[in-house]
Amino acid sequence: DGLRFLGFNADKPVILIMGGSTGSVFVNNAVRESLNTLLKEFQVAHLCGKGNLDESLEGTAGYAQYEYVSDDLKDFFAMTDIVISRAGVSRAGANSIFELLALNKPNILIPLSANASRGDQILNAQSFEKQGFSTVLEEESLTAKTFISTVRNVYARRADIIHTMENRGQIDSITCIVDLIEEVAKKEK
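A quick note: this is a predicted structure, and the numbers were derived from the prediction, not measured.

Help me get a handle on the packing of helix α2 (residues 25-38) against helix α6 (residues 144-156), residues and values and all.
Across the interface, α2 lies against α6 with an axial gap of 9 Å and an inter-helix angle of 55°. As the angle between them shows, α2 and α6 are arranged oblique. Taken as a pair, α2 and α6 cross one another with a handedness that is right-handed. Mapping the contact onto sequence places Ala30, Val31, Glu33, Ser34, Thr37 and Leu38 in α2 and Ala144, Phe147, Ile148, Val151 and Arg152 in α6.

Below is the structure:
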């Protein structure tokens, strides 16, 4: 449904780029500076944030830009081979990167710099990278060249990343909580 909605085809892989509801100047600029090169290998769905559409790119084959999507986001995720995102683009913070993990989507996280944030996005991104779920691209080193290189690298490693995500070992949180409560209750007797 996502491919049909965007007018994309199944012949080229799809990159979904999410910069948050207000968008990200750094991410949007890197995408647009890299677009001609990316479109030779990929199709690009770009959620660029409110007020950040680039009218000069309307009608570009293999590229679709939206301020945001809501109901159709599930279809965008379904068609996507790689996601590029902030390390917590929702008001709920890290929820968005855990969605990527739950969907087993190889991803590149571009956290807000320490100068522009509390640092939680950097910590989230580093944690996911350390576990093999994500690749981090620091905002300070974000150029068209580093962007393209990182996209190609993640796409080439996507099967390994998906394997790591699928075999991460879920924690049975309910059992863990019940066991902790029972343990504390026994100590208090």
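Tell me about helix α4 (residues 95-102), and name the residues and values.
Of the positions making up α4, those classed as buried are Ser96, Ile97, Leu100 and Leu101. Taken around the axis of α4, the buried residues stretch over an arc of 150°, which confines them to a single face. Following α4 by one or two positions, Asn104 adopts a phi angle in the positive range, close to 55°.

Can you explain the pattern of salt bridges? Please cite residues and give values.
Tallied over the full model, the rule gives 4 salt bridges. Here Arg4 and Asp1 are joined by a salt bridge, their closest N and O atoms 2.4 Å apart. Given a relative accessible area of 57%, Asp1 falls into the exposed group. Between Glu183 and Lys187 there is a salt bridge, with its nearest N and O atoms 3.5 Å apart. In this pair, Glu183 and Lys187 both sit in helix α8 (residues 173-188), 4 residues apart, roughly one turn of the helix. Exposure remark for Glu183: the relative accessible area of 41% places this residue in the partly exposed category.

How would you summarise the sheet that holds strand β2 (residues 43-47) if you had to cite specific residues and measurements?
The parallel open sheet is built from 6 strands, whose spatial order is β3-β2-β1-β4-β5-β6. Since the sheet does not close on itself, it has two edges, and those belong to β3 (63-66) and β6 (134-136), each with one partner. Across the sheet, the axes of successive neighbouring strands diverge by a mean angle of 15°, strand direction being ignored. Across 3 bridges, strand β4 (residues 82-85) lies against strand β5 (residues 107-109) in parallel orientation. Paired with Ile84 across the bridge in β5 is Ile108. Across the sheet, α2 lies against β1 (14-18), β2 and β3, angled at about 165° from β2, the strand it touches most.

Analysis parameters
- Residues numbered from 1 in each chain as written.
- Predicted model: local features only at pLDDT ≥ 70, side-chain atom pairs only at ≥ 80, totals over all residues.
- Heavy atoms only, no water.
- Axes fitted to C-alpha atoms, helices over the stretch in contact; angles between N-to-C directions.
- Helix = DSSP H or I, 4+ residues; strand = E, 2+ residues; numbered from the N terminus.
- Parallel < 35°, antiparallel > 145°, perpendicular 65-115°, else oblique.
- Left-handed = near helix turned anticlockwise from the far one by under 90°.
- Contact = heavy atoms within 4.5 Å.
- Buried < 20%, exposed > 50% of the residue type's maximum accessible area, 1.4 Å probe, protein only.
- Arc of directions from axis to C-beta.
- Salt bridge = Lys/Arg side-chain N within 4 Å of Asp/Glu carboxyl O.
- Pairing = 2+ DSSP bridges.

Purely geometric numbers; function is a separate question.
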